[in-house]
Amino acid sequence: MSTLNLKGLPMGSKLSQWTKLSPWSVVSFTFNNFRLLLTNAYAILPFVYTGWNQGFDSPWMIAATSAILLLILVASIVKWLKFRYRLQDQQLDILSGLLFTKADKIPFNKIQNVRMQQPFYFRPVGLYSLVVETAGSKHDEASLAAIPYRHAIRLKKQLLAASQQAHTSLNSDAAQNIASSEHTISTANTAQGLASSTLVSKSFTDLIKFGFYQNNFLWFAIIAGPIFSQLPWEDILEIQAVNDGLDWYLAITQGNIGLQAIVVILAILLSYMLFSMISIVSAILKYFPYKLSLQQDTLHRTGGVLAKQHDAMRLKRIQVVRFSQPIFGRIFKLWTIDFKQVKGHEVEKRGQHMLVPSMSSHDIANLLPQLEQLSIQAHALPPQRQGIHPLWFWRRLSWLILAATIISAASVQWLGIPELAPIIMLVVGIMIAVNYLTYRQWGFHKSDNDLWIHKGTFARAWHCLPLSKVQHVNLMQTPSQRKRGLATLYIGLASGTLELPYIELSQARAIAEHALSLVTSDNRNWI
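Computed from a predicted structure; not experimentally measured. (Residues numbered from 1 in each chain as written. Predicted model: local features only at pLDDT ≥ 70, side-chain atom pairs only at ≥ 80, totals over all residues. Heavy atoms only, no water.)

Describe the nonpolar core, with residues and values.
In terms of nonpolar packing, the biggest core is built from 39 residues, with L299, F323, I337 and F339 touching the most fellow members. Among the elements that take part in this core, helix α10 (residues 257–287) stands out by supplying five residues, more than any other. If you look at the next biggest cluster of nonpolar residues, it comprises 29 residues, including L391, I503, A508 and L518. (Core = buried A, V, L, I, M, F, W, Y, C linked by side-chain atoms within 4.5 Å. Buried < 20%, exposed > 50% of the residue type's maximum accessible area, 1.4 Å probe, protein only. Helix = DSSP H or I, 4+ residues; strand = E, 2+ residues; numbered from the N terminus.)

As structure tokens, this is what we get:
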């Protein structure tokens, strides 16, 4: 059985010595360098432009491409040769660098998550990458590539246990929790690790539903619009298949506006279905078979077909729980849960965090009571909400009408283009409708020490934040708000700031004072 020494490491552990990575890490470094090159696409634009003009089979292009590939491989090999890590003195030490040696020291009490992932190129050899994340960082603080499974499990458990012990020592001079930490470390050498209870598991069908309702078709349409406008439509219309399609469309609709609208709607739905296929495949490859489990005070999520992932997040570090429901999610009555932690590098990319897909209201009511160490006290979604003041909408309406009037007058009187007026009015009408729907979605619900904020437009989302996690509050009043006794409340947490606009000043003050009273009387570590 391993025991903890005063530095938080198991006695006799070789991890206190400098350790090299496996040579297989060269593969990971190479892929990362390729991704970095593609991310900075401007760096390869000269090669693409030259190849386009002179032909990609030009000797110069072949030589330049070969040189880049060789340089990437050499850089990856050198990085592997110079990479070292160890656990010592309450921190994770890492030495790396190509031309210059870089020394990273990550204190255990700053470690927020330690997650395992298995890219597709490591699956045949059974290796994993261990990613260490810290609070306030937008990037991975450390990534240890090509580690065997048992060693990765052991190192992950040791880092998490050392991190927990470091946080405990910050809040108390006594070492009451060392015994529990010893037990954690003693079981870390087994492949199974700590006993866990499965909270949520999602089937293949659940992930298909998730991929269908949780996609970015709207943003794709916004981006694709300008691209389609630049296409050579005159040449496209000369294609025989396109002409046949237009003839079929005219024969079906026969100039009937209603039929034309139906055909357009069907075309949009078909496009959505095709785009959803990409999202569905992505969801299956990333999450299947999805499993969310709880080990002591830590959430663990496993899954992934190509890249096998094992992510962990401590319940006490969760700042906000977000329940989102896109348009088609409302049809299926399904929600997506995001556990949002300290702002910086999160488990999920593009604004997402450790998520739970395809959850019904009944599933949510079963899940929340099992998360006893979660700071929020709610056990279900609120049955109702209190809306914001209509002044929020009327102010935006007045500005839209004023802008539309000025632009319409300018287009008719000064530009001499009266045809723009109806187009402008149509756009303004759409913006008014969108603002009204947004106004209708704004709302809040206060329950004990939890504050629920509801917002959205076509989709909707609940943000549940424990008032005990509040870092700062700010009350803002415009002149019109002051006249009507209204205010906008800004609530700052470690994960970011949430806004609650145009509510009664008395309510805003009550929420702010309640939050500050909880924080004042709570001496626990806020992270």
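Don't stop here, the text continues.
Quick one: what's the story with the environment of L486, residue by residue and with numbers?
Within the secondary structure, L486 sits in strand β19 (residues 486–493). For L486, a relative accessible area of 0% corresponds to the buried category. For L486 and Y502, which are 16 residues apart along the polypeptide, the C-alpha to C-alpha distance reads 5.6 Å. Look past the residues within four positions of L486 in its chain and what remains in contact with it is H389, L391, Q477, Q481, Y502, I503, E504 and L505. (Contact = heavy atoms within 4.5 Å.)

Mind laying out the sheet that holds strand β18 (residues 472–476), listing which residues take part and the relevant values?
If you walk across this open sheet you meet the three strands as β18-β19-β20, and the pairing is antiparallel. Unpaired on one side and paired on the other, β18 and β20 (496–504) mark the two borders of the sheet. Recorded for the sheet is a direction-independent mean angle of 20 degrees between the axes of neighbouring strands. One ladder, built from seven bridges, connects β19 with β20; its direction is antiparallel. Each residue of the ladder has a partner; that of L489, found in β20, is L500. Of the strands in this sheet, β18, β19 and β20 are in contact with helix α16 (residues 505–520), which crosses β20 at around 145 degrees. (Pairing = 2+ DSSP bridges. Axes fitted to C-alpha atoms, helices over the stretch in contact; angles between N-to-C directions.)

Quick rundown of the packing of helix α6 (residues 204–213) against α10? Include the residues and the values.
Where α6 meets α10, the closest approach of the two axes is 7 Å, and the angle between their N-to-C directions is 135 degrees. On the basis of their axis angle, the class for α6 and α10 is oblique. Where α6 crosses over α10, the handedness of that crossing is right-handed. Note on element contacts: α10 touches α6 through Y272, M273, S276, S279, I280, A283, I284 and Y287, opposite F204, L207, I208, F210, G211, F212 and Y213. Among the residues making up the contact of α6 with α10, the classes are represented as 12 nonpolar, three polar and no charged. (Parallel < 35°, antiparallel > 145°, perpendicular 65-115°, else oblique. Left-handed = near helix turned anticlockwise from the far one by under 90°. Nonpolar A, V, L, I, M, F, W, Y, C, P; charged D, E, K, R; others polar.)

Mind laying out the sheet that holds strand β5 (residues 127–134), listing which residues take part and the relevant values?
The antiparallel open sheet is built from seven strands, whose spatial order is β6-β5-β4-β10-β9-β8-β7. Among the strands making up the open sheet, the edge pair consists of β6 (142–148) and β7 (197–202). This sheet shows a mean twist of 20 degrees between the axes of neighbouring strands, independent of strand direction. Two strands pair when backbone bridges link them, and strand β4 (residues 111–118) and strand β10 (residues 308–314) are joined in this way by three bridges, in the antiparallel orientation. Along β10, the bridge assignment pairs Q118 with K308. The sheet strands contacting α10 are β8 (290–295), β9 (298–303) and β10, and the helix crosses β9 at an angle near 115 degrees.

Residues and numbers for the packing of aromatic side chains, please.
This structure, assessed with the given rule, holds 18 aromatic pairs. Centroid distance F120 to Y121: 5.2 Å. Interplanar angle 75 degrees. Geometry classified as edge-to-face. Look at F120 and you get partly exposed, because its relative accessible area is 47%. Where F393 meets Y436, the ring centres are 5.4 Å apart and the plane angle is 75 degrees; that geometry is what we call edge-to-face. Of this pair, F393 sits in helix α13 (residues 391–414) while Y436 sits in helix α14 (residues 420–441), and the two are 43 residues apart along the sequence. Y436 gets classed as partly exposed once you look at its relative accessible area, which sits at 38%. A connected cluster of aromatic rings, assembled from ring pairs, spans F31, F120, Y121 and F122. Directly above the aromatic system of W80 lies the positively charged group of K20, at a separation of 4.8 Å from the ring centroid. (Phe/Tyr/Trp six-rings, centres within 6.5 Å; stacked < 30°, edge-to-face > 60°. Lys NZ or Arg CZ within 6 Å of the ring centre and 35° of its normal.)

Describe the pattern of salt bridges, naming the residues involved and giving the relevant values.
All told, the structure shown has five salt bridges when counted by the stated rule. The shortest N-O distance in the salt bridge between R86 and D93 comes to 3.2 Å. Given a relative accessible area of 1%, D93 falls into the buried group. Its salt-bridge partner being D338, residue R322 comes within 3.2 Å of it at the nearest N-O pair. (Salt bridge = Lys/Arg side-chain N within 4 Å of Asp/Glu carboxyl O.)

Explain the environment of A421 to me, and be specific about the residues and the numbers.
Within the secondary structure, A421 is located in helix α14. With 17 residues separating them in the primary sequence, A421 and A404 have C-alpha atoms 8.6 Å apart.

Tell me what's going on with the pairing of β4, and back it up with residues and numbers.
Both faces of the sheet carry side chains from a regular strand, because those side chains alternate between them. For β4, the tally of buried residues reaches seven of eight residues, placing the bulk of the element in the interior. The sheet contact formed by β4 and β5 spans six bridges and is antiparallel. Looking across to β5, one finds that N113 is bridged to E133.

Any details on the side chain of T298? Residues and values, ideally.
With respect to the element layout, T298 can be found in strand β9. Residue T298 is classed as buried on the basis of its relative accessible area of 6%. Within the structure, the side chain of T298 is placed 3.2 Å from the side chain of D297, a separation counted as a polar contact. Ignoring sequence-local partners within four residues, the contact set of T298 consists of S293, A312, M313 and R314. (Polar contact = N/O pair within 3.5 Å; in protein donor to acceptor, adjacent residues only side chain to side chain.)

So what about α10? Which residues, and what values?
An α-helix turns once every 3.6 residues. As a result, residues three or four positions apart point the same way. Spanning 31 residues, α10 covers 44 Å between terminal C-alpha atoms, matching the ideal 45 Å at 1.5 Å per step. When we look at burial in α10, the residues that qualify are V263, Y272, F275, S276, S279, I280, A283, I284 and Y287. (Expected span 1.5 Å × (residues − 1).)

Tell me what's going on with the environment of F100, and back it up with residues and numbers.
Relative to the helices and strands, F100 resides in the loop between β2 (91–96) and β3 (102–107). Spatially, the C-alpha atom of F100 lies 9.9 Å from that of K82, the residues being 18 residues apart in sequence.

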